[in-house]
Each structure stands twice: as C-alpha cells, then as structure tokens.
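In case you want the letters, here they are:
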Amino acid sequence: GAVVSQHPSRVICKSGTSVKIECRSLDFQATTMFWYRQFPKQSLMLMATSNEGSKATYEQGVEKDKFLINHASLTLSTLTVTSAHPEDSSFYICSARGTSWANSNEQFFGPGTRLTVL
Amino acid sequence: QKEVEQNSGPLSVPEGAIASLNCTYSDRGSQSFFWYRQYSGKSPELIMFIYSNGDKEDGRFTAQLNKASQYVSLLIRDSQPSDSATYLCAVHMEYGNKLVFGAGTILRVKS
C-alpha cells in the first residue's frame with residue numbers, strides 16, 4: 001500500500017513553455033500533498049503544501065503565480081510550472097499524506113519528475 | 001541556525017561495520033522524526049520513524065531519539081554496499097504541519 005505515482009518522469013521543454021506534473025496516490029486518499037524541489041547535490045526544499053479542495057500554501061520565496069498547484073481530488077494534485085526558464089530545471093518530487101496515517105505525519109513520496117528547460 | 005542539521009559526509013565504512021548517522025534539530029516542540037534513504041537520481045524512501053525517546057529497531061536499522069538534546073541518530077548494522085546512498089533526516093514541524101529535511105549525509109560502504 002501507500003503508492004504515489006508521478007507523471008511524467010522526465011520532461012524536456014523549451015524556455016517559455018508551461019509544464020504540468022501530475023501526482024497521484026494510487027491506493028489511499030491523500031488529504032495533503034506536498035511538492036518539493038531538489039537541485040543537484042542539495043536536499044529537498046518544500047515548495048508548497050496543498051490540501052484537497054483548498055488553496056495551496058506556498059513556502060517563502062516560492063512564486064505562486066509561477067508554480068500553480070491544484071489539488072482537485074483526494075488522489076490527484078498537479079503542479080504547473082508556467083513560463084519555464086533554465087533555472088527552473090530541477091528534480092520535482094511530490095509526497096502525499098493520507099487519512100489513514102494522519103497521526104503519524106508520515107509522507108509517501110512519488111518517484112519524481114526531472115525537468116530540463118532548454 | 002538551520003532547522004535540521006546533518007553532517008554532509010561522505011561517511012565511509014567497511015562492509016559489515018556499523019554506520020552511525022547523526023542529526024540535530026532546532027524546534028524543541030517537534031514530536032515526529034523520520035529517516036529517509038535516497039539513491040542518486042531517485043526520490044526518498046522511508047526507512048523508519050521514531051516518536052519516543054530511546055531506541056527503535058527494525059532489522060539492521062536502529063533509530064535513536066533524545067529529545068532533551070534535540071538529537072536523533074540512525075545506526076545501520078552489518079553495512080552492505082547496497083546501503084551506499086544519501087540519508088536524509090526529516091523532522092515534523094508542528095508549525096506549518098510539515099516535514100523539514102536536513103541536507104543529508106552521504107554514506108559509502110566499501111566492500
């Protein structure tokens with residue numbers, strides 16, 4: 001149990017285009033999903049927290065108009081990188097926390113999406 | 001002061017030895033602590049979590065927590081080359097209801 005998928009696993013796009021990344025909890029309902037970004041040789045940096053049916057909470061320094069997050073259902077959250085630029089190239093990872101594990105604060109991670117902006 | 005601090009390493013140990021990974025945190029109110037393993041190019045995978053002071057064992061892994069010292073550690077017994085990875089310490093922050101990750105410690109197990 002507790003499987004989280006991400007799609008696509010890898011994407012290459014031109015500067016100025018928008019890219020959408022999907023995060024799905026496959027076998028549980030995710031009340032909360034988290035989006036992280038990881039640059040090479042650095043740790044995970046939380047970008048935003050999204051709760052189903054409400055607006056995402058962004059971390060300081062993360063532009064909410066650039067990184068659009070939608071958490072429309074208990075099993076799906078999407079991150080859209082708008083007008084991507086080379087500096088947005090990174091490894092984007094989502095995680096999900098479910099109702100069954102609400103007390104443990106445990107998060108299950110998706111496999112990540114590697115974004116390369118040319 | 002960083003919220004979660006780890007020695008970046010690399011920590012090198014011979015195969016079969018005990019690897020000791022350490023982590024300190026700043027929020028005295030934190031209650032949940034997690035150790036994740038991350039292989040290069042992959043996302044983190046949970047090794048174990050701990051809530052109570054003392055030791056928690058799971059197979060070759062033992063997590064140790066000392067809330068008074070704001071210190072959490074992970075011991076890996078009988079280290080194997082396949083344990084070579086980056087180990088991330090994560091602390092649940094009550095404020096914001098989120099996990100904060102340390103920078104990670106690179107572990108290299110040499111055969």
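We now turn to the structure provided with this report.

Reading the values: the criteria
- Residues numbered from 1 in each chain as written.
- Chains lettered and ligands numbered in written order.
- Predicted model: local features only at pLDDT ≥ 70, side-chain atom pairs only at ≥ 80, totals over all residues.
- Heavy atoms only, no water.
- Contact = heavy atoms within 4.5 Å.
- Salt bridge = Lys/Arg side-chain N within 4 Å of Asp/Glu carboxyl O.
- Helix = DSSP H or I, 4+ residues; strand = E, 2+ residues; numbered from the N terminus.
- Nonpolar A, V, L, I, M, F, W, Y, C, P; charged D, E, K, R; others polar.
- Pairing = 2+ DSSP bridges.
- Axes fitted to C-alpha atoms, helices over the stretch in contact; angles between N-to-C directions.
- Buried < 20%, exposed > 50% of the residue type's maximum accessible area, 1.4 Å probe, protein only.
- Disulfide = S-S within 2.5 Å.
- Phe/Tyr/Trp six-rings, centres within 6.5 Å; stacked < 30°, edge-to-face > 60°.
- Lys NZ or Arg CZ within 6 Å of the ring centre and 35° of its normal.

1. Focus on the interface of chain A and chain B
For interface size, the figure often reported is the accessible area lost on association.
Link 1 in the chain: Taken together, the contact pairs 20 residues of chain A with 19 residues of chain B.
Link 2 in the chain: One can count 1 salt bridge joining chain A with chain B.
Link 3 in the chain: Here A:Glu59 and B:Lys98 are joined by a salt bridge, their closest N and O atoms 2.6 Å apart.
Link 4 in the chain: Elements with a minimum of two residues in the side of chain A that touches chain B: strand S4 (30-38) and strand S9 (90-98) of chain A.
Link 5 in the chain: For the side of chain A that touches chain B, the class distribution of residues is 8 nonpolar, 8 polar and 4 charged.

2. A look at the sheet that holds strand S3 (residues 19-25) of chain B
Two orientations exist for strands paired in a sheet by backbone hydrogen bonds: parallel and antiparallel.
All names here are of chain B.
Link 1 in the chain: Pairing is antiparallel across the open sheet formed by 5 strands, whose spatial order is S1-S3-S8-S7-S6. The open sheet terminates on both sides in strands that have one partner only, identified here as strand S1 (4-6) and strand S6 (54-58). Put simply, the sheet's adjacent strands are angled 20 degrees from each other on average, direction ignored.
Link 2 in the chain: Here 6 bridges tie S3 to strand S8 (residues 71-76), and the two strands are oriented antiparallel to one another. Bridge assignment links Leu-21 to a residue of S8, and that residue is Leu-74.

3. Observations concerning the pairing of strand S4 (residues 33-38) of chain B
Residues and elements named next belong to chain B.
Link 1 in the chain: With 6 of its 6 residues buried, S4 lies for the most part within the structure.
Link 2 in the chain: What you see with S4 is no split at all: Phe-33, Trp-35 and Arg-37 on one side and Phe-34, Tyr-36 and Gln-38 on the other are buried throughout.
Link 3 in the chain: Pairing of S4 with strand S5 (residues 45-50), which is carried by 5 bridges, proceeds in the antiparallel orientation. Within the sheet, the bridge partner assigned to Trp-35 lies in S5 and is Met-48.
Link 4 in the chain: Of the pairings in the sheet, the one linking S4 to strand S9 (residues 85-93) comprises 6 bridges and is antiparallel in character.

4. Notes on the state of the cysteines
Residue and element names in this part refer to chain B.
Link 1 in the chain: Within the structure shown, the criterion is met by 2 disulfides over all chains.
Link 2 in the chain: At a sulfur-sulfur separation of 2.1 Å, the disulfide partner of Cys-23 is Cys-89. One disulfide, between Cys-23 and Cys-89, carries an S-S torsion of -70 degrees and so falls in the left-handed class. One end of the pair, Cys-23, is in strand S3; the other, Cys-89, is in strand S9, and 66 residues separate them in sequence.

5. Focus: the packing of aromatic side chains
Link 1 in the chain: Scanning the entire structure with this criterion turns up 11 aromatic pairs over all chains.
Link 2 in the chain: Note on A:Phe109 and B:Tyr36: the rings are 5.2 Å apart at their centroids and 85 degrees apart in plane angle, and the pair reads as edge-to-face. Highlighted residues: A:Phe109 in strand S10 (residues 108-109) and B:Tyr36 in strand S4, drawn from two different chains.
Link 3 in the chain: Taking relative accessible area as the criterion, A:Phe109 reaches 11% and is therefore assigned buried.
Link 4 in the chain: One aromatic cluster is present, formed by A:Tyr36, A:Phe109, B:Phe34, B:Tyr36, B:Phe49, B:Tyr51 and B:Phe101 through successive ring pairs.
Link 5 in the chain: Stacked on the ring of A:Phe67, the Lys or Arg A:Lys66 has its end atom at 5.9 Å from the ring centre.
Link 6 in the chain: In this structure, B:Lys56 is placed above the aromatic ring of B:Phe49, and the distance from its NZ or CZ to the ring centre is 3.9 Å.

6. Description of the pattern of salt bridges
Link 1 in the chain: Across all of its chains, the model carries 7 salt bridges over all chains by this definition.
Link 2 in the chain: The salt bridge partner of A:Asp88 is A:Lys66, with a shortest N-O separation of 2.9 Å. Remark: A:Lys66 occurs in the loop between strand S6 (57-58) and strand S7 (67-73) and A:Asp88 occurs in the loop between strand S8 (76-81) and S9; sequence separation between them is 22 residues. For the pair formed by A:Asp88 and A:Lys66, the shared burial category is buried.
Link 3 in the chain: B:Asp83 is the salt-bridge partner of B:Arg37, the closest N and O atoms lying 3.9 Å from each other. One end of the pair, B:Arg37, is in strand S4; the other, B:Asp83, is in the loop between S8 and S9, and 46 residues separate them in sequence.
Link 4 in the chain: B:Asp83 gets classed as buried once you look at its relative accessible area, which sits at 1%.
Link 5 in the chain: One continuous salt-bridge network, built from bridges that share partners, spans B:Arg37, B:Glu45, B:Arg60 and B:Asp83.

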